[in-house]
Each structure stands twice: as C-alpha cells, then as structure tokens.
Amino acid sequence: MRRGIAATALVAALAMTASACGGDDDGRNGAGGGNGELSGTVTFWDTSNEAEKATYQALAERFEKEHPKVDVKYVNVPFGEANAKFKNAAGGNSGAPDVMRTEVAWVADFASIGYLAPLDGTAALDDASDYLPQAAASTKYEGKTYAVPQVIDTLALFYNKELLKKAGVPAPASVAELKTAATRIKEKTGATGLYLRGDDPYWFLPYLYGEGGDLVDEKNKTVTIDDEPGVKAYRILKDLVDSEAAITDASDGWNNMQNAFKSGKVAMMLNGPWAIEDVKAGARFKDPANLGVAPVPAGSAGQGSPQGGWNLSVYAGSKNLDASYAFVKYMSSAKVQQETTEKLSLLPTRTSVYEVPAVAENEMVRFFKPAVDKAVERPWIAQGNALFEPVRLQMANVLAGKTSPEKAASSTGDAYRKLLKDYK
Amino acid sequence: MAVETGQSVTKAGGTQGAPGRAHRTGHKNPRTPGRLHRALATHWYAWSMVAPVVAVIGVIIGYPLARGVWLSFTDANEANVERTIGVNHIPATYEHVGLANYRAILSDGVFWDRLGWTVVWTVSCVALSFALGLALAVMLNRTFKGRTLYRTALVLPWAVPAFVSVFTWRLLFNERSGLFNELLTGAGFDGISWLNDPTWAKISVIAVNVWVGVPFMLIALLGGLQSIPGDLYEAAEMDGASPWQRFRHITLPGLRSVSSTVVLLSTIWTFNMFPVIFLLTRGGPGDATEILVTYAYRLSFVISPRDYSTSAAWGVLILLLLTLVTAAYRRALRKQGDTW
C-alpha cells in the first residue's frame, strides 16, 4: 500500500514534467526586433483525437515555414485531461501553453477566471465577419472576444448501413423508431441497436432538447433541467438501456463506443464529425460508404442537437503574445480550415470556406452543415462547462437504478441553483 | 515532534559534547548567560544539525497544513483568489466565513454518504488483506520446496507500480472485452457489469485494493512470525495443544506488536487510498465508489470553478478523523497492556 503513495508522487511528478515540457523557458524572448518579424516559441496544446492529431501537427508546424524565427512546439493533450491540465498550469503561472485548442464551453470559464488574453483588436481576430455567427458567439464573454472559432460541430446519428439493411429498417428518425429498429436489428443480425454514452453528459443533450427542454434558461435566469422535459430525458435513457435497445458504460465510454461500432457489434451511435476519421479506420468501414449519417432521433418536441466545436485561445500570461496571435490567425485561416475539412471532414467556421468546391462537395459537410445551422446554442456563461458534472452524476444514478428520473432531474436542478447563485 | 527530537539531541549533546562546551562557556563569557542563550551556546552543533530538517518539514508539511486550515475558514475558490497572469491582474476577493464551510459540509448528506462508504471500504480492505496476509504468512513460515519462488510471486503485486496494476485490473474488469466476462460467458453465465453497477464496482475496488495491500501484510507478518521462538511451539505440542490452540495462544499474541502496527498503518493508507479508486472507477459509477479523499480531489481539481475552501475543509475533517481513530486505537491497545 506504501506503493500507492509512491505512485501518486510519481504521477504528480510526471504531470509536472509534462507540463514543464510545455516549455516557457527557452526562446520566449518576445516578438523580434523593430523589423516586425516574429520570433520566439509558441507552445500549442492541441486536443484533437488520435485519428486527427497527425494532420494538426503538420499544419501547426507549417507555420514555421512562414515565420522561420518562430519555433512552434506542438503538444497533443487528450481532450479529457486538457481542461484540468490547463487550469493547473495557468493557475500556477507555469507551464501553460501560449495557444490552446479550447472546447467551446471552456472559453467563458477560462475567461472569467482571467486566464485568457482578450483578442479584440489583435492580429488573431482576422476577418471576423466571416465567422458563422453561432460559432463566434461561443468566443465571447462579457462583451469581449477571448477566442477564435476553429471548428464547429454537432451530434448526429451514425449508423452501419449494412446492418440496418439486413434488418430491413430505415435510419430511425425518432426515439420510438429507434427502439423498434433496435429490436429488429437484434433479431436479424445479433448486433445491439444503439451505443448510449452513459458517462458523458454531452450525449444527454439531444434527448433533452428533443423533449423541448434545456439545462438552464439564460435569458430569464431560470434553471430548467428539472422541468418535465428533463425528467423525460432521463427516463428515455433508462428505457433505452432497460429495454436492451442500447448498451452503455459508466466509464471508458468513448473507447467502448468506438470499438463496438467499428467492429459491427453495435449498429448505431450518436457522434460528431470528429469521429469520422476514426470510424473509417474500423474493420466494418473499410468501405466508407457503409457509414450512414442521419439527424439525431427526435423526441416528442422534435430533433435537437447541441452545438459544439473548438476555439483557439491565447493564454493571458504568454510571453510571446504577438507570435501567438499570428499563430491563432494562421490556424483559423480559411486555408487551414479547408485542409482540415478535406483531410478530416471537420466543419469550418468561416462562411467563405463553405464556398470552396472541395468543401461544398464533401459528403459529411453536406450533411452536417444544415445540422449545425439548426443546432441548439448552449448558454455561453462562465459556468457553462460546470453544468455537465451534475448531469454526469445523475445519468449514472438513473442508469444504475439508484435514482428515479424525477429525483435525478430535481437533484440536477438543485446542484445548478447552488452553482448559479442568481438563478431561480 | 520537533521538540522531542531537540530534547533528545540536547541530552546527547550534554553528555558527550564536553570539549565544545568548555571552550565556549569557559573563556569567552564572563557574565552568567540566560537559559536559552546557554542552551544555544552549549548545543549549537546539535541545533544546527536539526535546523535543516525542521526547516524542510516546516516548508513541506507545516506551511501547506497551516494554509489549508486557514483556507477552510474562507470562501476562496478559483475565481476569487489573487493572481497576476500577464496583463490580467485579479485581486483577492474572498472573505473569512468562519465555520460556514464546516457547517455546510456536516449538514449535507454527501459528506455522511461518503464517510459511510469510506468506513466500509477501510474496514473491509484492512480486514481482508490482514486475514489473507496472515494466512499466507503462516503458510510460508515453514520450510518446503520452492519457498523462495512462492515468496517472490506473492510479493510481486507490491513491486508493480500501483497504476500499472490498477490499469491492468481495469482491462480485466471491462464489461465488453474484459477477461473476467469472457470467462463467465464462456462458461455459460451472464457477464457482470463489474465497474458499471454500483455494488459490483464497490466489490471490484475492494478486491483490487486487497490485492495491492496483501504483500505488505504478508511481509510484515512473516517477519513477526519468524521472531516467535520455536521452542514455544515445541513445548505447546508436548502439552498436547492442537494446531488451532497453538495458533490462537502462541502465534496471535506473538504477532501482537507487529499486527497492531500494520493494522493502524494500513487503516490510514486505505482511508486515504486515492490511486486505486481514482484510476479504477474515477469514483463512479456516478459517485458510488467515491471516498472522502477522492471527493476532496473532485472539489479542488475537477469541478469548475475549483472550490479551494470546501476542499480544504474536507481535508481538515479527514485529518481530524484519522487523528481521532489513531488516538482511540492507541488507547485501546494500551488498555490491553501494549506498550506502544
């Protein structure tokens, strides 16, 4: 058991070394001399997944070609760790990256604590009117801009065309159809209908929006999760799993979901454009045409899916702000966005990029762009990210049968009122 | 503790440090020096030897402890503590709130739920690993072929870094692709949601912690067993004592001093065993396997904004609980006649 202590110390030491590798000692000598040429080191924390990171690394390092005196340090930080790691580094004033790929809900959170540099009037915010308005909305906090949109996305229903065809069912358009389709799929193919993320609250949102609900009502400063739609959403989760239409896990959900879908053990899942490259690497999707994409199943109030995506933010304590601004401008430029779409089928945030034929003709963009346009914007408040934790807890309680959907919804609401002092 | 060390060193210095003392007090100080001055002058060498240790302990234990206690009386969180980051300067806006944090924690069901489970977790882990460790130690405390091999194999869990073994267990427990469920379904049973069902998750974390903890018990108890004189057993055998009677009246009392120490140590470690729970289930499903320390971690590192003050108050409460347990335990032992 003594080992346990040693291991904790080891993990802590590793974390410190790793964040120290974020490197702020060498070469942060600020923007170069009077000739306007940029120099110094820009540390970039990228949060893209395994299938995407090589592309991002190549793109980031290409910045050095345009600015030979700038050294870009690319660091891939897994999405699940990035938030805590950045906060540790930024709060401790050491090891924070100059630029980070930040989830849309993190921007207001980080900005409210003073970790991010305002970007209005800097080189980073280039041709701002070109950004999709809903993408730009996620970069603002109290009237200032703290990030630049890089990628926009939303959830959709991914399905295995072959399995659905064998079962003789079309892609389900509603939760009710999903259930019947799942039963047919099980009978005819042996595969489970749906993989339901029971460990990630982001995946809860389509069911909540589908019933016409929301987590909070930002305009009227009211907590709405404990209204009837919230209860129904929890009930749907439980029903899907209890009726064996879906399987779920309380941990390791992402890996289990991807493995189950890629190997054909599960016929459908909710997922976003970021999963496309990874799915195509799966055994059952050697022929990418086998991957079908449809809008998320509708609840009683219609289809609703959260708007998500990634922004680029600059650390307020960066010693090399000018080079960082230039790097952000480059990484969200039309050219770079076009490349990430062509290579990874990710959705650009610039309207001009959608006019490029190669982007406009991309099958995934064709599907996801209208979906993104209709996606539900989340409240871009400082506590936006914190709203997820109570849902995560209650999802697990409901799925384990520890709590009723009614109790889960009211507990979530109570937690929100603690978090949002001025909300009713 | 520093005082005790100082005193013992002082005594040592007093009897042995004669040359230095004579030199210092004899010639250069005509008037009678004060008590403190005399002590410093006499034992300056001892004091300077102790000083680095005191300083280091003060910095790495004393300061964080004092700061933690102080924070627990404020409402400090990530958003209102002072910091300067580049162009942004954020002033400190947190306030003293007295005992409000403690009142809030103790009146909330979350603390008592977590405490209940922490006690169950600690008691079952310590009891199981002690029982298993003792059984294995007794088995290994006799000469047989391949004893070294068995000892090595049994100590192995201790030699593997905890996070490696916990991650391995996590793979074994995986509901869809783990070895345990493959074996169960292969034998015609239903698979078990090891880490997804609250009850099974609790059983799983206890099982892993026992696995990690047994080698320590085994080694300590084996050492204890080997210090029991063999003639006691011979004499008992002569008197016709059964194996159980020998175990009960010779082995257990003989192990008393070792076992009371390992049980206390193991209780403290298990109570605060962060890595096994955090790495295996992250406290899940939901918060089913969350013990006090993992919850305090969640408050100060996972939720947003990070709640430093409540987390500090949890830390202080954990420390108080452990101090109480230790004091009660020592008292109980002393009553039984243990000089510990």
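Everything numeric in this text was worked out from a predicted model, so none of it was measured. (Residues numbered from 1 in each chain as written. Chains lettered and ligands numbered in written order. Predicted model: local features only at pLDDT ≥ 70, side-chain atom pairs only at ≥ 80, totals over all residues. Heavy atoms only, no water.)

(A) Up close: the pattern of salt bridges. Going through the model one piece at a time under the given rule, you end up with 29 salt bridges over all chains. Residues Lys53(A) and Glu50(A) are paired through a salt bridge, measuring 3.3 Å at the closest nitrogen-oxygen approach. Looking at Lys53(A), the relative accessible area reads 27%, which means it is partly exposed. The class for Glu50(A) is exposed, based on a relative accessible area of 62%. Among the salt bridges present, the one from Asp414(A) reaches Arg417(A), with a minimum N-O distance of 3.8 Å. Here Arg417(A) and Asp414(A) lie together in helix α18 (residues 405-419), a separation of three residues that amounts to about one turn. Where salt bridges share partners, they join Lys87(A), Asp109(A), Glu78(B) and Arg306(B) into one cluster. (Salt bridge = Lys/Arg side-chain N within 4 Å of Asp/Glu carboxyl O. Buried < 20%, exposed > 50% of the residue type's maximum accessible area, 1.4 Å probe, protein only. Helix = DSSP H or I, 4+ residues; strand = E, 2+ residues; numbered from the N terminus.)

(B) Focus on the interface of chain A and chain B. Taken together, the contact pairs 39 residues of chain A with 41 residues of chain B. Our count for the contact surface shared by chain A and chain B stands at six salt bridges. The partner of Asp249(A) in a salt bridge is Arg176(B), and the shortest N-O contact between them spans 3.2 Å. Scanning the region where chain A abuts chain B turns up twelve residue pairs in polar contact (both at pLDDT 80 or more). Of all the secondary-structure elements, those providing two or more residues to the side of chain A that touches chain B are α1 (2-20), α3 (79-91), α17 (388-399) and α18 of chain A. Per-element accounting of the side of chain A that touches chain B gives the leading share, seven residues, to α1(A). (Contact = heavy atoms within 4.5 Å. Polar contact = N/O pair within 3.5 Å; in protein donor to acceptor, adjacent residues only side chain to side chain.)

(C) Up close: the sheet that holds strand β3 (residues 99-103) of chain A. Residues and elements named next belong to chain A. Spatial ordering of the open sheet is given by β2-β1-β3-β14-β6, a layout of five strands whose pairing is mixed. Here the strands that pair on one side only, and so sit at the sheet edges, are β2 (70-76) and β6 (148-154). Here the average twist between neighbouring strands, direction ignored, is 20°. Sheet topology note: the strand β1 (residues 40-46)/β2 ladder contains seven bridges and is parallel. Note on β2: the bridge partner recorded for Asp-46 is Asn-76. (Pairing = 2+ DSSP bridges. Axes fitted to C-alpha atoms, helices over the stretch in contact; angles between N-to-C directions.)

(D) Representation of helix α15 (residues 308-335) of chain B. Under the 1.5 Å per step criterion, the end-to-end length of α15(B) is 41 Å for 28 residues, consistent within 8% with the ideal 40 Å. Buried residues belonging to α15(B) abut α4 (44-71), α5 (100-106), α6 (109-140), α12 (243-271) and α14 (292-302) of chain B. (Expected span 1.5 Å × (residues − 1).)

(E) Structural view of the packing of helix α2 (residues 53-66) of chain A against helix α12 (residues 321-331) of chain A. Residues and elements named next belong to chain A. In contact at an axis separation of 10 Å, α2 and α12 are set at 125° when each is read in the N-to-C sense. Classified by the angle between their axes, α2 and α12 sit oblique to one another. The chirality of how α2 crosses α12 is right-handed. Contact residues: Tyr-56, Leu-59, Ala-60, Arg-62, Phe-63 and Glu-66 in α2; Ala-323, Ala-326, Phe-327, Tyr-330 and Met-331 in α12. For the contact of α2 with α12, the per-class residue count stands at nine nonpolar, no polar and two charged. (Parallel < 35°, antiparallel > 145°, perpendicular 65-115°, else oblique. Left-handed = near helix turned anticlockwise from the far one by under 90°. Nonpolar A, V, L, I, M, F, W, Y, C, P; charged D, E, K, R; others polar.)

(F) Structural view of the pairing of strand β13 (residues 291-294) of chain A. Residues and elements named next belong to chain A. Along β13, one buried face is formed by Leu-291 and Val-293 and the opposite face, lined by Gly-292 and Ala-294, is buried too. With four bridges joining them, strand β7 (residues 156-160) and β13 adopt antiparallel strand pairing. Looking at the pairing, Leu-157 lines up with Ala-294 of β13.

(G) Focus on the environment of Gly302(A). Residues and elements named next belong to chain A. With respect to the element layout, Gly-302 can be found in the loop between β13 and β14 (307-314). The class for Gly-302 is partly exposed, based on a relative accessible area of 23%. As for Gly-302 and Ser-243, which are separated by 59 residues in sequence, their C-alpha atoms are 22 Å apart.

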